[in-house]
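Secondary and tertiary structure notes
For reference, the chains in residue letters:
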Amino acid sequence: MNQTQIEQSIRQLAETQNLADEGLLAILSAPLSESEAGFSASFAESQPGFSASFAESRPGSPASFTAPQPGSSAEARRTRISYTPTPLDKALFSAADAVRQSYYGKKVFLRGLIEFSNYCKNDCYYCGIRRSNQGLKRYRLEETDIMECCRTGYSYGLRTFVLQSGEDAHFNQDVRQLSQLVRRIKDTWPDCAVTLSVGELDRERYEMLYEAGADRYLLRHETAAETLYRKWHPDGMSLAYRKQCLYELKEIGYQVGAGFMVGAPEQTAEDLLADLRFLQELQPDMIGIGPFLHHRDTPFRDAPDGSFALTLRCLALLRLLFPYALLPATTALGTIHPLGRELGLSAGANVIMPNISPGSVRGQYLLYDGKICTDEDGQHCHACLEARVRSRGYEIACERGDAVRSPRERAMP
Ligand code: SAH
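Nothing here was measured: the structure is a model prediction, and the numbers come from that model.

Take the environment of Asp168 next. Residue placement: Asp168 occurs in the loop between strand 3 (160-165) and helix 7 (169-173). Separated by 52 residues in sequence, Asp168 and Phe116 have C-alpha atoms that sit 10.0 Å apart. Among all residues touching Asp168, those that are not within four sequence positions of it are Ser117, Tyr119, Cys120 and Arg140.

Have a look at this one:
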């Protein structure tokens, strides 16, 4: 496909919210940029402490899986990333931004993220809090600590609290404690939404938590390609079951979030296409994606990080395919590039999730090396994000921020 054909495809995508496999594959596998300085440069120059030159270390095929240079740390490689969108990306981002403007105006919704336990019974090959990682201090927050996080978050204007954890058997086998916590948060702040992200449970437990007042549930499917799912997870974990959980959550009445990782080992453009098609079938309210980032104590320690440029491209595609969706500019995006979340907003994202976990445990919820915002307190985190959102011409909306499903609900430009 040449540039004109690709631009035609983008127009079609924006008008019809769909595209044939061939068109999507052409976009997903088009070359990524790697030159110095980028559209981030002007912002970076105006921000003390931000460096303008980040050379993307590994553009090109998402399928490649080569060992990193000897001696290069994750952080050192990341600071070399320089990002300039290609003409294709510029066209995608401006189409995505226009669609998002027509649904949400300039609003960016905040979600206060509380990582309340890093115990996990699973052993995903990519994840830093996997069961087999013994070099990690495990923690589980008390209910009073979690309530305190919410209280502080509420005072900053947050109106959604996301309770995330590993698959902690303590909470998940007997969900009464978690239900009680959800109820307490909803009773104390009835104007807030509670989002859970605690992994795979059976239907009965999802129902109990919903009855306790939980509004939303985040469960990334990670990859919709069966063969790839097998390569990223040990035997005993099942993509079919994860998908079933997502459908059940939807049936129960939750606003559901799915999502995938970009650039974990051996992923191809076809695999990403499978993710987009699965999401079209599921029609989730929220879609969370981020680049794969390696963690030194996992089997994927030597795998290169996912591509920043490809993650932004996927975000823009998601905005065009799911105009109504709540799309976060994730922490992983902010970790791989100092302006990752800002660029994510410009590519179509409309949600940011400030970490409001107590400072004392932040360094222990390390899903990948180099995770940002682990040595800050809530207030600093909040002020920093607010400045970042404003820097791109968007505004923070101090509200629950539910998905805009019907044209009638759309924000007036
Ligand atoms: N236990 C919950 C929450 C998991 S952590 C659940 O099962 O849903 C939240 C997300 O972090 C995961 O869904 C995964 O997509 C992402 N993640 C984990 N390890 C990662 C890594 N190394 N790089 C990038 N993202 C990662």
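This part is about the sheet that holds strand 4 (residues 193-197). The six strands lie next to each other as 2-3-4-5-6-7, forming an open sheet whose pairing is parallel. In this open sheet, the two edge strands, each paired with only one partner strand, are strand 2 (112-117) and strand 7 (286-291). Each neighbouring strand pair of the sheet contributes to a mean axis angle of 20°, computed without reference to strand direction. By the bridge criterion, five bridges tie strand 2 to strand 3 in an arrangement that is parallel. Each bridged residue has a counterpart across the sheet, and for Ile114 the counterpart in strand 3 is Leu163. Against the sheet, helix 13 (residues 308-321) engages strand 6 (255-262) and strand 7, with an angle of about 165° to strand 7.

The next thing to look at is the sheet that holds strand 1 (residues 107-110). Strand order in this open sheet of three strands is 8-1-9, and the pairing throughout is parallel. Looking along the sheet, the strands with just one partner apiece sit at the ends: strand 8 (351-352) and strand 9 (395-397).

Between its first and last C-alpha, helix 12 (residues 269-282) extends 20 Å over 14 residues, near the 20 Å set by a 1.5 Å rise per residue. The secondary structure elements touched by the buried residues of helix 12 are helix 2 (21-29), helix 10 (226-232), strand 6, strand 7 and helix 13. Of the residues flanking the end of helix 12, it is Gln283, one or two places downstream, whose phi is positive at about 50°.

Taken together, the neighbourhood of the ligand is formed by 18 residues, with Cys127, Gly199, Arg220, Leu367 and Tyr368 sitting nearest. Grouping the amino acids of the shell around the ligand by side-chain chemistry returns nine nonpolar, six polar and three charged.

Take the pairing of strand 2 next. Walk down a regular strand and you will see the side chains alternate between the two sheet faces. Counting buried residues in strand 2 gives six out of six residues, a clear majority hidden from the surface. The β-α-β motif built from strand 2, the intervening helix 6 (residues 143-155) and the parallel element strand 3 has right-handed crossover chirality.

Helix 11 (residues 239-252) packs onto helix 9 (residues 203-211) with a crossing angle of 35° between their chain directions and a minimal axis gap of 10 Å. The chirality of how helix 9 crosses helix 11 is right-handed. Here Arg203, Tyr206, Glu207 and Tyr210 of helix 9 lie close against helix 11, whose contacting residues are Glu248, Leu249 and Ile252.

A few words now on unusual backbone geometry. For Gln283, which is not glycine, the phi torsion reads 50° and is therefore positive. By secondary structure assignment, the location of Gln283 is in the loop between helix 12 and strand 7. With 13 C-beta atoms packed within 10 Å, Gln283 lands in the partly exposed category. Backbone geometry places Cys373, a non-glycine residue, at a positive phi of 65°.

This part is about the environment of Leu312. Tracing the chain through its elements places Leu312 in helix 13. For Leu312, a count of 29 C-beta atoms within 10 Å translates into the label buried. For the pair Leu312 and Ser346, spaced 34 residues apart in sequence, the C-alpha to C-alpha distance is 9.1 Å. Those residues in contact with Leu312 that sit more than four places away from it in its chain are Asp89, Leu343, Gly344 and Ala347.

This next bit is on the environment of Ile146. With respect to the helices, strands and loops of the structure, Ile146 is situated in helix 6. Sequence separation between Ile146 and Ile185 is 39 residues; the distance between their C-alpha atoms is 9.3 Å. Once residues lying within four places of it in the same chain are set aside, the contact partners of Ile146 are Ile114, Phe116, Leu141 and Leu181.

A separate point is the pairing of strand 1. Here strand 1 shows a buried face lined by Lys107 and Phe109 and a second buried face lined by Val108 and Leu110. Pairing of strand 1 with strand 9 involves three bridges; the strand directions are parallel. Considered in strand 9, the bridge of Val108 is made with Ile396.

The rules behind the values
Residues numbered from 1 in each chain as written. Predicted model: local features only at pLDDT ≥ 70, side-chain atom pairs only at ≥ 80, totals over all residues. Helix = DSSP H or I, 4+ residues; strand = E, 2+ residues; numbered from the N terminus. Contact = placed C-beta atoms within 7 Å. Pairing = 2+ DSSP bridges. Axes fitted to C-alpha atoms, helices over the stretch in contact; angles between N-to-C directions. Expected span 1.5 Å × (residues − 1). Near = placed C-beta within 6 Å. Nonpolar A, V, L, I, M, F, W, Y, C, P; charged D, E, K, R; others polar. Buried ≥ 20, exposed ≤ 12 C-beta atoms within 10 Å, placed from the backbone. Right-handed = clockwise from strand over helix to strand, strands pointing away. Left-handed = near helix turned anticlockwise from the far one by under 90°.

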